[in-house]
Amino acid sequence: MSEIKDLETKDLAERIATEVGKYNQMKLNHSISPMENPSEIKMARRDIARLKTELRQRELNK
């Protein structure tokens, strides 16, 4: 969490876009051939939520 708070707002938005792309690719790959550890999808979704929460907090504190 501290790593997320250290990012600048622009970097945070870029990281969200990157993570969403990775998440979508994981879901697609999992639908074609099951992953060994499908809980990685859940962890990725939660990481995206953490990033979006931090971005929203910054928007509200302006």
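In case you missed it, the structure is sitting above this.
Source: prediction; values computed, not measured.

Colleague: What is the right way to look at the pattern of salt bridges in this model?
Modeller: If the charged atoms of two oppositely charged side chains come close together, the side chains can form a pair. Under the definition given, this model contains 5 salt bridges. Between Glu3 and Arg15 there is a salt bridge whose closest N-O contact spans 2.9 Å. Residue Glu3 is located in helix α1 (residues 2-6), and its partner Arg15 is located in helix α2 (residues 9-32); the two are separated by 12 residues in the primary sequence. According to the relative accessible area criterion, Arg15 is partly exposed, its value standing at 28%.

Colleague: Is there a simple way to think about the packing of α2 against helix α3 (residues 39-60) in this case?
Modeller: Any two packed helices are characterised by how steeply their axes cross, that is the angle between the axes, and by the distance between the axes. Close contact between α2 and α3 brings their axes to 10 Å; oriented N to C, the two are set at 160 degrees. Classified by the angle their axes make, α2 and α3 are roughly antiparallel. Considering only the axes of α2 and α3, their crossing is left-handed. Contact residues: α2 offers Thr9, Leu12, Arg15, Ile16, Glu19, Val20, Tyr23, Met26, Lys27 and His30, while α3 offers Glu40, Ile41, Ala44, Arg45, Ile48, Leu51, Lys52, Glu54, Leu55 and Arg58.

Colleague: I tried to follow the nonpolar core on my own but got confused; where do I start?
Modeller: The nonpolar side chains of soluble globular proteins are, as a tendency, buried together. Listed in full, the 5 residues of the largest apolar core are Ile4, Leu12, Ile16, Leu51 and Leu55. Elements supplying a minimum of two residues to this core: α2 and α3. Other than its neighbours up to four places away in sequence, Leu12 contacts Ile4, Leu7, Leu51, Glu54, Leu55 and Arg58.

Colleague: Teacher, can you tell me more about α3 here?
Modeller: Think of an α-helix as turning once every 3.6 residues; residues three or four places apart then point the same way. The end-to-end C-alpha separation of α3 is 32 Å, in line with the 32 Å expected for 22 residues at 1.5 Å each. Of the residues making up α3, those classed as buried are Ile41, Ala44, Ile48, Leu51, Glu54, Leu55 and Arg58. The buried residues of α3 all sit within an arc of 150 degrees when viewed along its axis, so they share a single face. Looking at the buried positions of α3, the neighbouring elements they touch are α1 and α2.

Calculation notes
- Residue positions within a chain follow its written sequence, with the count starting from 1.
- Where local features are concerned, this predicted model is filtered to residues with pLDDT of at least 70; where side-chain atom pairs are given and counted, the filter is 80 or more; whole-chain, interface and lining totals use all residues.
- Only hydrogens and water are removed before side-chain values are computed, so all heavy atoms of the structure are retained for them.
- When a carboxyl oxygen of Asp or Glu lies within 4 Å of a side-chain nitrogen of Lys or Arg, that pair is called a salt bridge.
- Helical segments are the DSSP runs of H or I of at least four residues, strand segments are the runs of E of at least two, and each set is numbered from the N terminus.
- Only protein chains enter the calculation, and the probe is 1.4 Å; a residue is then buried if its accessible area is under 20% of its type maximum, exposed if over 50%, and partly exposed in between.
- Inter-axis angles, ranging from 0 to 180 degrees, are taken between N-to-C directions of lines fitted to C-alpha atoms, where helices are fitted over the stretch in contact.
- Put simply, angles under 35 degrees are roughly parallel, angles over 145 are roughly antiparallel, angles from 65 to 115 are roughly perpendicular, and the rest are oblique.
- Put simply, a crossing is left-handed when the front helix is turned counterclockwise from the back one by less than a right angle, and right-handed when it is turned clockwise.
- We call two residues in contact when some of their heavy atoms are within 4.5 Å.
- To define a nonpolar core, start from buried Ala, Val, Leu, Ile, Met, Phe, Trp, Tyr and Cys residues and group those joined through side-chain atoms within 4.5 Å.
- Multiplying 1.5 Å by the helix residue count minus one yields the expected span of that helix.
- Of all possible arcs, the one meant is that of the directions from the helix axis to the C-beta atoms.

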